[in-house]
Amino acid sequence: MSRRYTIVAFHAHPDDETLLTGGTLARAAAEGHRVVLVTATLGGAGLAAGGQLAERRHHELLAAAAALGCSRVESLGYRDSGLHGDAPGSSRFADAPVDEAAALLAAILREEHADVLTSYDARGGYGHPDHVQVHRVAARAARLARTPVVLEATVDRGALRPLLALSRLAGRLLPALPLGPAATAFTGRAELTHAVDVRRYLGQKRAALRAHASQTEGGRGPRTIAVLSRLPGPLFAAVAGREWFVEAGRRPGGALDDDVFASLRRAESYTV
């Protein structure tokens, strides 16, 4: 029997876990690994109308985590900073001292004996201040807890461009990026280290997307969650059937790994 690992997925808000890593987490859980989900905030500055949004999104997060097979769900308790970092109130995650937030995350990593931690790239994907802060906090927490592998969840920019072009031809079927141009968002293919095939787990990913019902409401134009969750099977597989990562500290190049535990397995094979 192959070794079982623990992966801790660290995300900024509820629904980020599904959009960027949902298939990967479902695959890890289905293969017998322990999956722990941690969010920095509960997304209280989202676009959905009505009060108590953070509480509603917390319930949605728990439902999505159950669909993905997560064994544990935690929140660091910070407030959502808003898309432009201008959400009202104090204790916003983007303003939190990195060492303070990292200590909270590191405590979970130590408790779980985490083998892999997921975060975001240095740009936070598309520039959301909470996503940028996830990158900073996760990097520091991994050093504190001595977590061996950090995988920065991202999107293959080369795959993103034709999808955005298709959305324009199809009357903006897919939403535009909320911040910044596609030419600088996320990660170029040459920088990637992992392309994880999650097509067998798209049922779980779609169920998790649909759990985030509040994120189908509010704002102008189509919402990402609403569009993705309703895509027909072949198109959904084309859009959501791969998830991408950059392994921190690893030089890219060569074939991309399809296994988030590949570096650990290789290291262990060298010591046998």
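Above this note sits the structure.
Given the structure is predicted, the values throughout are model-derived calculations rather than measurements.

**Student:** Would you mind going over the pattern of salt bridges in detail, with residue names and values included?
**Tutor:** Summed over all chains, the structure comprises 20 salt bridges. Arg 56 serves as the salt-bridge partner of Glu 60, at 3.5 Å between the closest nitrogen and oxygen. Within this pair, Glu 60 and its partner Arg 56 are both found in helix H2 (residues 53-68), separated by 4 residues, close to a single helical turn. Residue classification places Glu 60 among the buried positions, given a relative accessible area of 6%.

**Student:** How would you sum up the packing of helix H7 (residues 202-211) against helix H9 (residues 233-240)? Please name residues and give values.
**Tutor:** Running from N to C, H7 and H9 cross one another at 90°; their axes reach a closest spacing of 11 Å. In terms of axis orientation, H7 runs roughly perpendicular to H9. Seen from H7, the contacting residues are Leu 202, Lys 205, Arg 206 and Leu 209; seen from H9, they are Gly 233, Phe 236, Ala 237 and Ala 240.

**Student:** Describe the nonpolar core, listing the residues and the values that go with them.
**Tutor:** Nonpolar side chains in soluble globular proteins tend to end up buried together. The biggest cluster of nonpolar side chains holds 70 residues, and the ones touching the most others in it are Phe 10 and Leu 105. Setting aside its immediate chain neighbours within four residues, Leu 105 contacts Phe 10, Val 38, Leu 76, Leu 117, Val 137, Ala 138 and Ala 141.

**Student:** Go over H9 with me, naming the residues and quoting the values.
**Tutor:** Of the positions making up H9, those classed as buried are Phe 236, Val 239 and Ala 240. When H9 is viewed along its axis, its buried side chains cluster within an angular range of 75° and face the same direction. Exposed residues lying more than 90 degrees from the buried face of H9 are Pro 234 and Ala 238.

**Student:** If you had to explain the environment of Arg 143 to someone new, which residues and values would you point to?
**Tutor:** Note on placement: Arg 143 falls in helix H5 (residues 129-145). What makes Arg 143 exposed here is its relative accessible area of 56%. Distance in space between the C-alpha atoms of Arg 143 and Ala 102 is 9.4 Å, their sequence separation being 41 residues.

**Student:** Lay out the layout of surface pockets in plain terms, naming residues and giving numbers.
**Tutor:** Any empty space left between atoms is shown by rolling a water-sized probe over those atoms. Volume-wise, the second largest pocket comes out at about 180 Å³. What lines the second largest pocket is a set of 13 residues, and nearest its centre among them are Gly 44, Ala 45, Ala 54, Arg 79 and Asp 80. For the lining of the second largest pocket, the element with the most residues is strand S3 (residues 72-78), which contributes 3 residues. Of the residues assigned to the lining of the second largest pocket, the class counts are 6 nonpolar, 5 polar and 2 charged.

**Student:** Outline the sheet that holds strand S1 (residues 6-11), listing residues and values.
**Tutor:** Within a sheet, neighbouring strands are paired by backbone hydrogen bonds and run either parallel or antiparallel to one another. Taking strand neighbours across the sheet as the criterion, the 7 strands line up as S3-S2-S1-S4-S5-S7-S6 in an open arrangement whose pairing is mixed. Strands at the two margins of the open sheet, each flanked by one partner only, are S3 and strand S6 (194-197). Here the strands of the sheet are splayed against their neighbours by 25° on average, with no regard to which way each runs. Bridge analysis of strand S5 (residues 149-154) against strand S7 (residues 242-247) gives 4 bridges, and the strand direction is antiparallel. Counterpart to Ala 153 in the pairing with S7 is Phe 245. Sheet strands in contact with helix H1 (residues 16-30) are S1, strand S2 (34-41), strand S4 (116-120), S5, S6 and S7, and its direction is about 90° off that of S7. Contacting S1, S2, S3 and S4, helix H3 (residues 98-112) crosses the sheet at an angle of about 165° to S3.

**Student:** Explain unusual backbone geometry to me, using residue names and the numbers behind them.
**Tutor:** In this structure, His 113 is a non-glycine residue whose phi angle is positive, near 50°. Within the fold, His 113 resides in the loop between H3 and S4. Judged by its relative accessible area of 63%, His 113 is exposed. Located in the positive-phi region is Arg 146, a residue other than glycine, with phi close to 60°. Within the secondary structure, Arg 146 is located in the loop between H5 and S5.

Reading the values: the criteria
- Residues numbered from 1 in each chain as written.
- Predicted model: local features only at pLDDT ≥ 70, side-chain atom pairs only at ≥ 80, totals over all residues.
- Heavy atoms only, no water.
- Salt bridge = Lys/Arg side-chain N within 4 Å of Asp/Glu carboxyl O.
- Helix = DSSP H or I, 4+ residues; strand = E, 2+ residues; numbered from the N terminus.
- Buried < 20%, exposed > 50% of the residue type's maximum accessible area, 1.4 Å probe, protein only.
- Axes fitted to C-alpha atoms, helices over the stretch in contact; angles between N-to-C directions.
- Parallel < 35°, antiparallel > 145°, perpendicular 65-115°, else oblique.
- Contact = heavy atoms within 4.5 Å.
- Core = buried A, V, L, I, M, F, W, Y, C linked by side-chain atoms within 4.5 Å.
- Arc of directions from axis to C-beta.
- 1 Å grid on protein atoms, 1.4 Å probe; cavity = no way out; pocket = protein on both sides within 12 Å on 5 of 7 lines; lining within 4 Å.
- Points joined across faces, edges and corners; volume = space filled by probe spheres on them.
- Nonpolar A, V, L, I, M, F, W, Y, C, P; charged D, E, K, R; others polar.
- Pairing = 2+ DSSP bridges.

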